[in-house]
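For reference, the chains in residue letters:
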Amino acid sequence: MKGTKPHLRSDRDAVRKSLPAPKWMSDEARVEWRRVMPILVERRILTTADLGSLENYCVSTGRIRSIETEMQATSDPELRVKLFRVQDKAMQSARLLAAELGLTPVSRSRPAIREDEDADSLLDQ
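Given the structure is predicted, the values throughout are model-derived calculations rather than measurements.

**Digging into the overall build of the protein chain**
Logical step 1: Of regular secondary structure, the protein chain possesses 5 helices and 0 strands.
Logical step 2: Counting from the amino terminus, the protein chain carries its helices and strands in the arrangement α-α-α-α-α.
Logical step 3: The buried share among the 125 residues of the protein chain stands at 36%.
Logical step 4: Entry remark: accessible area of the protein chain is about 8,300 Å², with carbon and sulfur atoms responsible for 53%.

Written out as structure tokens, the structure reads:
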């Protein structure tokens, strides 16, 4: 993603509790969903409109893990190259979606996120 990165802010319409992973997801994707959903709920930046992006992120991450297992199990060099290309594309997608969802160190360090968290902590006092 080129240009200015999106600024994430707490949203009044944010999802308030962790939702179960969609049943159609692979096991690897559901593991990632269960890992990141509580984080996003706690930050109050995930809305129902963002669930598609979260699904895509989890599917991409699950695909990366699944392909890695396949690559380690095969000795066919042509298949390994094909799997590598698919895995590389999934990594690119997961990286972009992770940044959009605020799941990377850089996206978490943006002032907009810190300002909202600081303001919320002041209100709690």
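Anyway, onward from the coordinates.
**Side note on the environment of Arg-16**
Logical step 1: With respect to the helices, strands and loops of the structure, Arg-16 is situated in the segment before helix H1 (27-43).
Logical step 2: On the basis of relative accessible area, Arg-16 is assigned to the exposed category, the value being 60%.
Logical step 3: C-alpha of Arg-16 to C-alpha of Leu-40: the two residues are 24 residues apart in sequence and 9.5 Å apart in space.
Logical step 4: Apart from residues no more than four positions distant in its own chain, Arg-16 is found in contact with Val-41 and Arg-44.

**Notes on the packing of helix H2 (residues 51-73) against helix H3 (residues 77-101)**
Logical step 1: Here H2 crosses H3 at 150°, and the two axes come no closer than 8 Å. The pairing of H2 with H3 is recorded here as roughly antiparallel in orientation. Crossing handedness for the pair H2 and H3: left-handed.
Logical step 2: Here the residues of the contact of H2 with H3 sort into 14 nonpolar, 7 polar and 5 charged.

**Observations concerning H2**
Each α-helix winds once per 3.6 residues, and so residues spaced three or four apart point in a common direction.
Logical step 1: Between its terminal C-alpha atoms H2 stretches 33 Å, which fits the 33 Å expected from 23 residues at 1.5 Å a residue.
Logical step 2: Those residues of H2 not exposed but buried are Leu-51, Leu-54, Tyr-57, Cys-58, Val-59, Ser-60, Thr-61, Gly-62, Ile-64, Ile-67 and Met-71.
Logical step 3: Contacts from the buried residues of H2 go to H1 and H3.

**Brief notes about H3**
Logical step 1: The terminal C-alpha atoms of H3, which comprises 25 residues, lie 35 Å apart, in line with the 36 Å expected from a rise of 1.5 Å per residue.
Logical step 2: Looking at H3, one finds that the buried residues are Leu-83, Gln-87, Ala-90, Ala-94, Leu-97, Ala-98, Ala-99 and Leu-101.
Logical step 3: Residue Gly-102 follows H3 closely and has a positive phi angle near 80°.

**Overview of the nonpolar core**
Logical step 1: Membership of the largest hydrophobic core comes to 22 residues, with the highest contact counts inside it found for Trp-33, Leu-46, Leu-54, Tyr-57 and Cys-58.
Logical step 2: Among the elements that make up this core, the one with the highest residue count is H1 (6 residues).
Logical step 3: Not counting chain neighbours up to four residues away, the residues in contact with Leu-46 comprise Ala-14, Val-15, Met-37, Leu-40, Leu-51, Leu-54 and Leu-101.

Rules used in this analysis
- Residues numbered from 1 in each chain as written.
- Predicted model: local features only at pLDDT ≥ 70, side-chain atom pairs only at ≥ 80, totals over all residues.
- Heavy atoms only, no water.
- Helix = DSSP H or I, 4+ residues; strand = E, 2+ residues; numbered from the N terminus.
- Buried < 20%, exposed > 50% of the residue type's maximum accessible area, 1.4 Å probe, protein only.
- Areas by Shrake-Rupley, 256 points an atom, 1.4 Å probe, with all protein chains shown as cover.
- Contact = heavy atoms within 4.5 Å.
- Axes fitted to C-alpha atoms, helices over the stretch in contact; angles between N-to-C directions.
- Parallel < 35°, antiparallel > 145°, perpendicular 65-115°, else oblique.
- Left-handed = near helix turned anticlockwise from the far one by under 90°.
- Nonpolar A, V, L, I, M, F, W, Y, C, P; charged D, E, K, R; others polar.
- Expected span 1.5 Å × (residues − 1).
- Core = buried A, V, L, I, M, F, W, Y, C linked by side-chain atoms within 4.5 Å.

Purely spatial values, then, with no claim about function.
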